[in-house]
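One letter stands for each residue in the lines below.
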Amino acid sequence: MSQDKPKAKETKRLVVLGGRGDRAAGTVWLVGAGPGDPELLTIKALKVLQTADVVVHDGLVSDEILDLAPSRARRISVAKRKSRHSYGQDEINRMLVAFAQDGLTVVRLKGGDPFIFGRGGEELEACRAAGVACKVVPGVTAALAAAADAGAPLTHRGSAQAVTFVTGHASTGQVPDLDWPSLAKANQTVVIYMGVSTAAGISARLIGAGRAGSTPALIVENASRADERRVVTTLAGLPDAAAQVAGPALLIVGEAMALAQAGTAELVAHVEARGRERGVKS
């Protein structure tokens, strides 16, 4: 009950903001903040952020990036975590539209890229439906930073002729219904966003569809940040490796991950030992 009260107050303030009809309509910018390292923010993203009247940001956007916004800009966190959302998506959509209709420059600052599992398309549609100008600034998605830091290319001649980004989390909380036979084909890289909690199911489905359990795999937690952690494992060892991860992480499966450099050797050894105890063939 106590958590609902601040939301109610926030909604009331948004209604008041819509009262000044004499101002020209503002603009909503969907800006990719990148994976966390402020140096991976694009020049255009920085320029747009510095014009903001309001910054509506994800929980994964780093403080270093938020501090680049003008001190006068109002910051609103719409952080989403598993089973715990401060605002629903419809509320966020209405918020963006209301601020823009009040003549403000609204920066919707999203981790990674707005159009890679960021619901940027839904927010764009909401703005268009309301007649609000909406522009998009792409960002470095986490997969690119994770692969770069680990020294493991997402595409690589001879071992990865394709790369596919998929979600590992269905709306039901279970493993999503994907084209597993297609994803199980060799010589391609599969990047799984939001797949830590469903790693066991993902591993089982890929192996069941024909992908070798010995296929190299990589888990990257907090890609590009100071506390980044990397775990080199195999597709068969993915469940045990994912069990050691606490924060936001990517799962990357593919032959090219054989080039990945681990971030924590002790953790890799521990995961491999657990796999041997369970009789998992790597």
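Just so you know, the residues in each chain are numbered from 1, in the order the chain's sequence is written. This being a predicted model, a pLDDT of at least 70 is required before a residue's local features are given, and a value of 80 or more before pairs of side-chain atoms are given or counted; all residues contribute to the totals for chains, interfaces and linings. Note: side-chain values were computed over all heavy atoms of the structure, leaving out hydrogens and water.

(A) Representation of the pattern of salt bridges within the structure. For this analysis, a salt bridge means a side-chain nitrogen from Lys or Arg found within 4 Å of a carboxyl oxygen belonging to Asp or Glu. Enumeration over the complete set of coordinates arrives at 9 salt bridges. It is possible to trace a salt-bridge network through shared partners that takes in Asp58, Arg108, Lys110 and Glu123.

(B) Geometry of the nonpolar core. One finds Ile192, Ile202, Ile219, Leu238 and Leu251 to be the most contacted residues of the largest nonpolar core, which totals 20 residues. Every element with two or more residues in this core is listed here: helix H7 (180-183), strand S9 (189-193), helix H8 (199-208), strand S10 (216-221), helix H9 (238-242) and strand S12 (249-253). Those residues in contact with Ile219 that lie beyond four places of it in its chain are Arg229, Arg230, Val231, Leu238, Ala241, Ala242, Val245, Ala249, Leu250 and Leu251. As used here, the term nonpolar core means buried Ala, Val, Leu, Ile, Met, Phe, Trp, Tyr and Cys residues forming a set that is joined through side-chain atoms within 4.5 Å. Using a 1.4 Å probe on the protein chains alone, a residue whose accessible area is under 20% of its type maximum counts as buried, one over 50% counts as exposed, and one in between counts as partly exposed. Residues Val78, Tyr87, Val97 and Ala100 belong to the second largest nonpolar core, which totals 19 residues. Strands are runs of DSSP state E lasting at least 2 residues, helices are runs of H or I lasting at least 4, and numbering of each runs from the N terminus. What makes two residues a contact is simply this: any of their non-hydrogen atoms within 4.5 Å.

(C) Region of interest: helix H4 (residues 89-101). In this model, H4 (13 residues) spans 18 Å end to end at C-alpha, consistent with the 18 Å of a helix rising 1.5 Å per residue. After H4 finishes, the residue Gly103 shows a positive phi value of roughly 90 degrees. Helix span, as expected, comes to 1.5 Å for every residue beyond the first.

(D) Up close: the environment of Ala160. Position of Ala160 relative to the elements: it lies in the loop between helix H6 (142-150) and strand S8 (163-167). What makes Ala160 buried here is its relative accessible area of 3%. Considered as a pair, Ala160 and Met257 are 97 residues apart in the sequence and their alpha carbons are 9.4 Å apart. Sequence-distant contacts of Ala160, that is, excluding residues within four places in its chain, are made with Leu154, Thr155, Asn187, Gln188, Thr189 and Ala256.

(E) Representation of the packing of aromatic side chains. The pairing test for Phe, Tyr and Trp rings, Trp by its six-membered ring, is centres within 6.5 Å, and the orientation test on the planes gives stacked under 30 degrees, edge-to-face over 60, and tilted for anything in between. Within the structure shown, the criterion is met by 2 aromatic pairs. Pairing Phe117 with Tyr193 gives two aromatic rings, centres 5.2 Å apart and planes at 45 degrees, and the pair type is tilted. Here Tyr193 lies in strand S9 and Phe117 lies in the loop between strand S6 (105-110) and helix H5 (120-129), a separation of 76 residues in the sequence. Phe117 gets classed as partly exposed once you look at its relative accessible area, which sits at 39%. In this structure an aromatic cluster arises from ring pairing among Phe117, Phe165 and Tyr193.

(F) Focus on the sheet that holds S9. When DSSP locates at least two bridges between a pair of strands, those strands are taken to pair. The mixed open sheet is built from 5 strands, whose spatial order is S8-S9-S12-S10-S11. In this open sheet, the two edge strands, each paired with only one partner strand, are S8 and strand S11 (229-234). Between one strand axis and the next, the sheet turns by 20 degrees as a mean value, whatever way the strands run. The pairing of S9 with S12 spans 4 bridges and is antiparallel. Among the inter-strand pairings, Val191 is bridged to a residue of S12, identified as Ile252. Helix-sheet contacts for H6 involve S8, S9, S10, S11 and S12, and the interaxial angle to S12 is about 70 degrees. Only C-alpha atoms enter the line fits that serve as axes; for helices the fit covers just the stretch in contact. Angles between N-to-C directions range over 0 to 180 degrees.

(G) Region of interest: the confidence of the model for the chain. For the chain, per-residue confidence averages 87 on the pLDDT scale, and 83% of positions sit at 70 or higher. Per-residue confidence from the predictor is given as pLDDT, running between 0 and 100. For residues 1-19, every residue scores under 50 in pLDDT, and the model assigns this stretch 14 contacts once sequence neighbours within four places are set aside. In this model, residues 264-282 is a region of pLDDT below 50 whose contacts with residues beyond four sequence positions or in other chains number 25 contacts.

(H) Representation of the layout of surface pockets in the model. Grid spacing is 1 Å over the protein atoms alone, the probe is 1.4 Å, and a cavity is where that probe fits but cannot get out, while a pocket is an open set with protein on both sides within 12 Å along at least five of seven lines and lining residues have an atom within 4 Å of a point. Grid points are joined across faces, edges and corners, and a volume is the space filled by probe spheres set on the points. Of the volumes computed, that of the largest pocket is approximately 1,500 Å³. Around the largest pocket, the lining comprises 45 residues; the ones closest to its centre are Leu60, Lys80, Phe117, Met194 and Pro248. For the lining of the largest pocket, the elements supplying multiple residues, two or more each, are strand S4 (80-81), S6 and S12.

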